[in-house]
Amino acid sequence: GQQVMQIPQYQHVQEGEDFTTYCNSSTTLSNIQWYKQRPGGHPVFLIQLVKSGEVKKQKRLTFQFGEAKKNSSLHITATQTTDVGTYFCAGRETYKYIFGTGTRLKVLA
Amino acid sequence: NAGVTQTPKFRILKIGQSMTLQCTQDMNHNYMYWYRQDPGMGLKLIYYSVGAGITDKGEVPNGYNVSRSTTEDFPLRLELAAPSQTSVYFCASSYGDRGYQPQHFGDGTRLSIL
């Protein structure tokens, strides 16, 4: 079955440093979604990528979808303490989404 | 707007007991999902539904059952609870559009099996 892996599993950065998490699928995806989960909270939708090679930006966050639609990345510029949490990608297979393993980000002030 | 509501928020079960986790949404979404999240791990899909009367298995369906008699409700049934089912359970819903819509999550049910 489809598998979605994320690296790194954990990342500790100093406030102001950049952060990137990578998402890789074993199969070609129809689309990919990114979610953020704060400690003790529930996942919250960030963005969706649909087209091959698509790039979307949300303030300090940049999302990319690979040309082969099998990988994606999330880059945060100049991290802030509010960026703390776990970032998940979710790749769609028919009607269901397979979530990645997540990258837990800790930002040190 | 309540969004996705899950009850109970916390529950402790004994091995072999059964229970139903409730999930209801007021957004008229036709897609609904159940996930489990083990400590420090990602989300695993248990079951999903694309509309009333239609359900299908996800990645980890063993030990669980679901039903979808209405658009609003999607209860998850645990039969013969086992320690391996200790987890946080999230219900989510989304508008149809062939899956190209964001999922809205409830606050979760934290379940311990002792």
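Here, every reference points to the structure presented above.
Keep in mind the model is a prediction, meaning the values are calculated, not measured.

Reading guide: rules and limits
Residues numbered from 1 in each chain as written. Chains lettered and ligands numbered in written order. Predicted model: local features only at pLDDT ≥ 70, side-chain atom pairs only at ≥ 80, totals over all residues. Heavy atoms only, no water. Core = buried A, V, L, I, M, F, W, Y, C linked by side-chain atoms within 4.5 Å. Buried < 20%, exposed > 50% of the residue type's maximum accessible area, 1.4 Å probe, protein only. Helix = DSSP H or I, 4+ residues; strand = E, 2+ residues; numbered from the N terminus. Contact = heavy atoms within 4.5 Å. Buried area = accessible area lost by both parts, 1.4 Å probe. Salt bridge = Lys/Arg side-chain N within 4 Å of Asp/Glu carboxyl O.

So, on to the nonpolar core. Soluble, globular proteins show a tendency: their nonpolar side chains are buried together. Ranked by size, the top nonpolar core spans 20 residues in total, and within it A:Trp34 and A:Phe63 carry the most contacts. In terms of nonpolar packing, the next biggest core, distinct from the first, is built from 19 residues, B:Cys23, B:Met32, B:Ile46 and B:Leu111 among them.

Of note, B:Gly106 is situated in the loop between strand S10 (104-105) and strand S11 (109-113). Put simply, B:Gly106 and B:Cys23 are 83 residues apart on the chain and 8.1 Å apart in space, counted from C-alpha to C-alpha. In this view, B:Gly106 contacts A:His42, B:Val4, B:Gln6, B:Phe90 and B:Cys91; residues no more than four positions away in its chain are not counted.

Listed per partner, the contact involves 24 residues of chain B and 22 residues of chain A. Each partner contributes to the roughly 1,900 Å² buried at the junction of chain B and chain A, and carbon and sulfur atoms together form 55% of this total. The largest contributions to the chain B side of the interface with chain A come from B:Leu43, B:Tyr100 and B:Phe105, which together make up 27% of the buried area. Applying the counting rule to chain B against chain A returns 0 salt bridges.

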